[in-house]
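Single-letter residue listing:
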Amino acid sequence: MASEITYAEVKFKNESNSSHSYSESPSAPRKKRIHHLSKPVSPSLPFTSLMVLLLLLAITFLVAFIIYFQKYSQLLEEKKSIKDITHNKLNCRKNVSSMEAPQKGKGDLTLLIIEVDMNFLAPEDKVWSCCPMDWKAFGSHCYFISTNRASWNESEANCSQMGAHLVVIHSQKQEDFITGILDKAAAYFIGLSDPGHRQWQWIDQMPYNESATFWHKGEPNNDNEKCVIINHPKNTGWGWNDIHCSDEQKSVCQMKKVYL
Ligand code: MMA
Ligand code: CA
């Protein structure tokens with residue numbers, strides 16, 4: 001569009017220059033001048049409008065395409081999360097939004113048990129956060145205590161079959177919540193292991209942060225013990241210990257809450 005305007009200006013200047021040279025000569029070429037001036041400018045006007053119109057159309061299509069693309073990827077994401085539900089009985093909490101006035105005498109959370117139709121499509125605004133039945137909700141995750149004793153690998157496979165993984169612990173609050181739902185007499189595998197050279201790795205690939213670890217005093221103590229349990233030995237509190245991965249222990253699974 002800018003080039004069109006430049007073009008028109010250049011044309012006009014050329015004409016006025018030539019008119020100046022013509023003005024010294026008699027009136028005959030003057031007529032010619034008017035003829036020249038009106039011809040190149042007037043057809044460029046509809047042309048410019050057409051170009052502007054086309055440009056506007058192009059922009060409209062582009063915007064429409066971007067909006068459509070965003071909606072489509074959102075829909076795919078929702079479909080995926082619905083497919084991810086391997087549990088058909090969920091325990092859901094409604095997060096009462098700021099738009100709704102909280103009812104007198106009621107808390108800001110309501111508890112509901114719903115059965116999920118696998119073909120159910122989530123509504124636009126996802127206000128229900130859910131955990132499968134028998135799982136415990138904390139923050140944005142759900143936790144399951146597996147009392148079945150198995151090796152670390154089998155324990156992880158068991159979590160994986162439920163759309164979860166062995167628990168990943170990142171904070172004191174989370175550690176406290178988890179220990180609060182465990183039996184002090186048992187030991188539980190967590191999602192921490194050493195693939196070699198004491199490079200501790202979380203099962204979800206999140207970085208291992210030394211400042212948020214809860215090792216028992218003197219642990220980890222053995223390079224051959226590459227898997228981690230959380231336990232509560234007598235006289236000491238809850239903490240982590242490295243043990244052999246083939247040892248059979250209970251475990252804690254974790255998964256993200258399902259939002260409906
Ligand atoms: C001891 C201690 C731990 C080790 C286990 C292995 C009971 O705790 O040495 O560090 O992991 O034994 O069973
Ligand atoms: Ca140990």
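Residues numbered from 1 in each chain as written. Chains lettered and ligands numbered in written order. Predicted model: local features only at pLDDT ≥ 70, side-chain atom pairs only at ≥ 80, totals over all residues. Heavy atoms only, no water.

Chemist: Would you take a moment to explain the overall build of the protein chain for this structure?
Modeler: Scanning the protein chain from N- to C-terminus turns up four helices and 12 strands. Counting across all 260 residues of the protein chain, residues that qualify as buried make up 29%. Accessible area of the protein chain: about 17500 Å², with a carbon and sulfur share of 58%. (Helix = DSSP H or I, 4+ residues; strand = E, 2+ residues; numbered from the N terminus. Buried < 20%, exposed > 50% of the residue type's maximum accessible area, 1.4 Å probe, protein only. Areas by Shrake-Rupley, 256 points an atom, 1.4 Å probe, with all protein chains shown as cover.)

Chemist: What is the right way to look at the site of ligand 1 in this model?
Modeler: In the vicinity of ligand 1, the contacting residues are E219, N221, E225, N241, D242 and I243. At a separation of 2.5 Å, an oxygen atom of ligand 1 approaches a polar side-chain atom of E219. A distance of 2.8 Å separates an oxygen atom of ligand 1 from a polar atom in the backbone of D242. Contact with the protein chains covers 43% of the free accessible surface of ligand 1, which is 330 Å². (Near = heavy atom within 4 Å. Polar contact = N/O pair within 3.5 Å; in protein donor to acceptor, adjacent residues only side chain to side chain.)

Chemist: Is there a simple way to explain the state of the cysteines in this structure?
Modeler: Put plainly, two cysteines are in a disulfide when a covalent bond ties their sulfur atoms together. Within the structure shown, the criterion is met by four disulfides. Covalently, C92 is tied to C130 through a disulfide, its sulfur atoms 2.1 Å apart. Its S-S torsion of about 105° marks the bond between C92 and C130 as right-handed, since a negative value means left-handed. A residue pair is termed long-range when its members are at least 10 positions apart, and C92 in strand β1 (residues 89-95) and C130 in strand β3 (residues 128-132) qualify at 38 residues. The burial state of C92 is the same as that of C130; both residues are buried. The disulfide that involves C131 links it to C142, with 2.1 Å between the sulfurs. Looking down the S-S bond of the C131 and C142 bridge, the torsion is -90°, so its handedness is left-handed. In this pair, C131 is assigned in strand β3 and C142 in strand β5 (residues 141-150), connecting sequence segments 11 residues apart. Of the two residues examined, C131 and C142, each falls in the buried class. (Disulfide = S-S within 2.5 Å.)

Chemist: Which parts of the structure should I look at to understand the coordination of the calcium ion (ligand 2)?
Modeler: Ideal donor angles around a metal are set by the shape: a four-donor tetrahedron calls for 109.5 degrees, a six-donor octahedron for 90 or 180 degrees. Bound to the calcium ion (ligand 2) on the protein side are E219 (OE), N221 (OD1), E225 (OE), N241 (OD1), D242 (O) and D242 (OD), at distances that span 2.2 to 2.6 Å. Taken in sequence order, the residues that donate to the calcium ion (ligand 2) follow the motif E-x1-N-x3-E-x15-N-D. Residue class for E219 comes out partly exposed when judged on its relative accessible area of 21%. On the basis of relative accessible area, E225 is assigned to the buried category, the value being 13%. (Donors = N, O, S within 2.8 Å, 3.2 Å for Na, K, Ca; no water.)

Chemist: Sorry, what's going on with the pattern of salt bridges here?
Modeler: Per the stated rule, a full pass over the model turns up four salt bridges. Here K226 ties to D194 by a salt bridge, and the two come within 3.7 Å at their closest N and O atoms. One end of the pair, K226, is in the loop between β8 (201-202) and β9 (227-231); the other, D194, is in the loop between β7 (188-193) and β8, and 32 residues separate them in sequence. D194 gets classed as buried once you look at its relative accessible area, which sits at 4%. Two residues, R198 and D223, come together in a salt bridge whose shortest N-O distance is 3.7 Å. Of the two residues, R198 is situated in the loop between β7 and β8 and D223 in the loop between β8 and β9; the sequence distance between them amounts to 25 residues. Through salt bridges with shared partners, a single ionic network connects D194, R198, D223, K226 and D242. (Salt bridge = Lys/Arg side-chain N within 4 Å of Asp/Glu carboxyl O.)

Chemist: So what exactly am I meant to see when it comes to the environment of H87 here?
Modeler: Looking at the element boundaries, H87 is found in the loop between α2 (28-83) and β1. By relative accessible area, H87 is classed as buried at 15%. Linking H87 and C131, residues 44 residues apart in sequence, is a C-alpha distance of 9.0 Å. Ignoring anything within four residues of it in the chain, the contact list for H87 reads P132, W135, M162 and M255. (Contact = heavy atoms within 4.5 Å.)

Chemist: Would you take a moment to explain helix α4 (residues 172-180) for this structure?
Modeler: Considered for burial, the residues of α4 that qualify are Q174, E175, F177, I178 and T179. Packing partners of the buried residues in α4 comprise β4 (136-138), β5, β9, β10 (239-243) and β11 (249-256).

Chemist: Would you explain helix α3 (residues 152-161) in this entry?
Modeler: Taken together, the buried positions of α3 are occupied by W152, S155, E156 and C159. The buried side chains of α3 occupy one side of the element, clustering within an arc of 95° when seen end-on. Exposed residues lying more than 90 degrees from the buried face of α3 are N153 and Q161. On its buried face, α3 sits against β5, β6 (165-166), β7, β9 and β11. (Arc of directions from axis to C-beta.)

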